[in-house]
Amino acid sequence: MAIGVLLALMGTACLIQLANVQLINGKSMAQAAAQSRTITVTLKASRGKIMDTNGSILAQSVERYTIIGNPEGAQAFTPITCTKQTGDICHQINGKPVGATGAAAVARLLAPVLDMDATELGAMLSGTGQYAVLKKDVTPAVKRKISKLNLDGIVYAELSNERIYSNGTLMGALLGGVDSEGKGVAGIEQMENKTLTGEDGYQVYQQGNNGVEIPGTMTESKDAVNGSDITLTIDHDVQWYVEKVLRESCEKYSSPWGIAVVQDTQTGDILALADSDEIEAGSDQAKMTVSRAVRETFEPGSIGKVFTMSGMIQLGLHQASDKFTVPDHITVNGQTYSDATTHGDERWTLAGILEQSSNVGMIIAGEKMSNEQRYDFIRKFGVGQDNGLGLPGESDGLLYSADQWDLRTQNTVLFGQAYTTNALQLTNAVAVIANKGVKKPQRIIKTISDAEGHSEEQKPGGEATRVIDEQVASQVMNAMESVSDHYQFVKVDGYRVAAKSGTAEVAGADGRLSSIISDYSAIIPADNPRFIVTVVLKDPQGGFGGLTAGPVTAEIGEFLMQKYEVPASSPRTDAIPVTW
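Residues numbered from 1 in each chain as written. Predicted model: local features only at pLDDT ≥ 70, side-chain atom pairs only at ≥ 80, totals over all residues. Heavy atoms only, no water.

An unreviewed UniProt entry lists the chain under the name Penicillin-binding protein 2, with Bifidobacterium catenulatum as the source organism. Reading the Sequence similarities (unreviewed entry) entry of the UniProt record for the chain gives the comment "Belongs to the transpeptidase family." (UniProt positions renumbered as here; feature names shortened; annotations may be inferred.)

See the structure below:
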């Protein structure tokens, strides 16, 4: 009777609890159960591609997977022995039994596919919880192999992306790289991070005990939107060739580094922005290093004579044909200035002063040019100013205002010393002469294409401005062509070239003026300008820019003429006399 009463009480309690579960709290408990099974899965957006002007891929995100393990499921795992009945759902290693259970068995099955140590994997699967990252950036092929291991609910894959750079060290530091979260942290990746970054999507559904989605339980979803693709103005072939020539030239002249820029005269597009450093794109070094072609500043040396000569003619102080008697040294306000070589009194025109790159001649010709006018024309050519490209880490150089110049600086600025610039600024300044006196903005981003394929041309940052009159630019171009003719060994067969060399003493590691910057900037062809090529070499053996950077510039120019099939130049017939 006692047992009967006890059973009756137990039955009553069960009925009460059943009524509570089914009738009173049934709905809330069902909701709690569903909520415990509901998960939100992120759908990763792919980062946009970076391409060269012809569509060659420089950087792209490829499909990869993060392999996730369920430690609790792994520890409860028992391999299924392979028989005729078990068929394709069994577990074996090279046709033999797994030889273990639990996390060790899962690790033995998974290790060969992931190319990992089984002991390491076993330790990762022996923890608590249901989520452990086993390996990142796994290829789709490996993911498919894992799917055939019959480890559903224990091992699964989450879609991710890996950033791949197609050309190794080509544009390494210029492209930069992304961090572990896929955010651009250097170079163009950083500059265009917002454009390249997509918007992740998501899915909300219930999963069963095996970790697989329960069909029909998806309640909410949003598709991922991939980042936009960016097309640069850089030409892969030109960039590759320029980098190659720079490395060879640095070895030839024992120069620690070199920089080169190729700019399309007509559009302001940068076709190559190169330096001799070999840095792997996307590497830790690329993420921590600003491209030398972007960050390095230097005194332009005698290339700066182009700007001040332009100012003299624009102000009506001189014509390129004006005649001067030029000694090899001069003293002004107690300051003595000398030419690079010793010579007697020479009878040179202003064009001849540029051709001979005479510092003394520039001081004599610039006698009536005020300090403010000297400053204004250097600045009008773009020196010491942001060029609007927006490249991370770019230095604007340094040009002090005229009221800060001392007695020596006010004259050294006439021949490109006492201020600094970078290779991009210097190239665009010379392009003013090629563009008949107009300074055009530069451009390195050509188009942006969104995930739906809509492409938008990117305008340069800024407006074109006139710096000097067309007839002034014509005179300076003529004189620069005489400079090019002066260097008989620096030529491009079949094409006229207008150029200017520069050599500047700069501070070395000892803090004294013990280092040399040799540079050369050329307009080619001179009779129908298509390209500006600037080359800068640090401490080359051979000294002067015309002797070292000059031949490098000519080599690049020859390549450009062949690649773009530029028609040969007509003979020169209008040279302004350089002597009298």
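From this point, the discussion proceeds with the structure in view.
Student: I'd like a rundown of helix α13 (residues 305-314), residues and numbers included.
Tutor: With nine of its ten residues buried, α13 lies for the most part within the structure. All of the buried residues along α13 are Lys305, Val306, Phe307, Thr308, Met309, Ser310, Gly311, Met312 and Ile313. Here the buried face of α13 lies against α14 (350-356), α15 (359-365), α16 (371-380), α18 (423-434), α19 (470-486) and β23 (498-506). (Buried < 20%, exposed > 50% of the residue type's maximum accessible area, 1.4 Å probe, protein only. Helix = DSSP H or I, 4+ residues; strand = E, 2+ residues; numbered from the N terminus. Contact = heavy atoms within 4.5 Å.)

Student: Residue-level account of the sheet that holds strand β24 (residues 515-524), with values.
Tutor: Read across the open sheet, the five strands follow the order β12-β11-β25-β24-β23; overall the sheet is antiparallel. Of all strands in the sheet, those with a lone pairing partner are β12 (270-275) and β23, marking the two edges. Neighbour-to-neighbour, the strand axes of this sheet turn through a mean angle of 10°, independent of strand direction. Two strands pair when backbone bridges link them, and strand β11 (residues 258-264) and β12 are joined in this way by five bridges, in the antiparallel orientation. Considered in β12, the bridge of glutamine 263 is made with isoleucine 270. (Pairing = 2+ DSSP bridges. Axes fitted to C-alpha atoms, helices over the stretch in contact; angles between N-to-C directions.)

Student: Any details on the packing of aromatic side chains? Residues and values, ideally.
Tutor: For the structure shown, the criterion picks out six aromatic pairs. Between tyrosine 241 and phenylalanine 559, the ring centres sit 4.1 Å apart and the planes meet at 5°, which makes this aromatic pair stacked. Within this pair, whereas tyrosine 241 is found in helix α10 (residues 236-252), its partner phenylalanine 559 is found in helix α20 (residues 549-563), the two being separated by 318 residues in sequence. Judged by its relative accessible area of 15%, tyrosine 241 is buried. Taken together, the aromatic side chains of Tyr487, Phe489 and Tyr520 make up a single cluster linked through ring pairs. If you follow lysine 563 out to its NZ or CZ, it ends over the ring of tyrosine 564, 5.4 Å from the centre. (Phe/Tyr/Trp six-rings, centres within 6.5 Å; stacked < 30°, edge-to-face > 60°. Lys NZ or Arg CZ within 6 Å of the ring centre and 35° of its normal.)

Student: Can you explain the environment of threonine 233? Please cite residues and give values.
Tutor: Its place among the elements puts threonine 233 in the loop between β10 (229-232) and α10. As for threonine 233 and glycine 268, which are separated by 35 residues in sequence, their C-alpha atoms are 9.5 Å apart. Each residue touching threonine 233, except ones within four places of it in the same chain, is listed here: Thr53, Asp269, Ile270, Leu271, Arg443, Ile444, Ile445 and Lys446.

Student: Could you give me a rundown of a nonpolar patch on the surface, with the residues and numbers involved?
Tutor: On the surface, Ile3, Leu6, Leu7 and Met10 cluster together to form a nonpolar patch covering roughly 440 Å² of accessible area. Tracing the backbone through its elements, the reader meets isoleucine 3 in helix α1 (residues 2-24). (Patch = residues over 30% accessible without salt bridge, like charges linked within 9 Å, V, L, I, M, F, W, Y side chains within 5 Å. Areas by Shrake-Rupley, 256 points an atom, 1.4 Å probe, with all protein chains shown as cover. Salt bridge = Lys/Arg side-chain N within 4 Å of Asp/Glu carboxyl O.)

Student: So what's going on with the nonpolar core? Residues and values would help.
Tutor: Formed by 122 residues in total, the largest nonpolar core has its most connected members in Val262, Leu273 and Ile556. Here this core gets nine residues from one element, more than from any other, and that element is α18. Among the nonpolar cores identified, the runner-up in size contains 25 residues, and Tyr65, Ala105, Leu121 and Ile154 belong to it. (Core = buried A, V, L, I, M, F, W, Y, C linked by side-chain atoms within 4.5 Å.)

Student: Now, about the state of the cysteines: what can you tell me, with residues and values included?
Tutor: Per the stated rule, a full pass over the model turns up one disulfide. Note on cysteine connectivity: cysteine 82 is disulfide-linked to cysteine 90, with sulfurs 2.0 Å apart. What sets the handedness of the cysteine 82 and cysteine 90 disulfide is the S-S torsion sign, and at about 90° it is right-handed. The class of cysteine 82 is partly exposed, set by a relative accessible area of 28%. (Disulfide = S-S within 2.5 Å.)

Student: Give me the lowdown on the pattern of salt bridges, citing residues and values where you can.
Tutor: Scanning all chains against the criterion turns up 19 salt bridges. Arginine 292 is the salt-bridge partner of glutamate 296, the closest N and O atoms lying 3.0 Å from each other. An identical accessibility class is assigned to glutamate 296 and arginine 292; each is buried. A network of salt bridges, in which partner residues are shared, links Glu481, Asp485, Arg496 and Arg572.

Student: I'd like a description of the side chain of threonine 548, backed by residues and values.
Tutor: In this fold, threonine 548 is placed in the loop between β25 (531-538) and α20. By relative accessible area, which is 0% here, threonine 548 ends up buried. Among the polar contacts made by the side chain of threonine 548, one reaches the main-chain carbonyl oxygen of phenylalanine 544 at a distance of 3.1 Å. With near-sequence residues (within four places) excluded, threonine 548 lies in contact with Tyr253, Ser518, Leu537, Pro540, Gln541, Gly542 and Gly543. (Polar contact = N/O pair within 3.5 Å; in protein donor to acceptor, adjacent residues only side chain to side chain.)

Student: Now, about the pairing of β23: what can you tell me, with residues and values included?
Tutor: Every other side chain in a regular strand lies on the same face of the sheet, so the side chains alternate between the two faces. Judged by how many residues are buried, β23 sits mostly within the fold: seven of nine residues are covered. The sheet contact formed by β23 and β24 spans nine bridges and is antiparallel. Its bridge partner being in β24, serine 501 is matched across the sheet by tyrosine 520.

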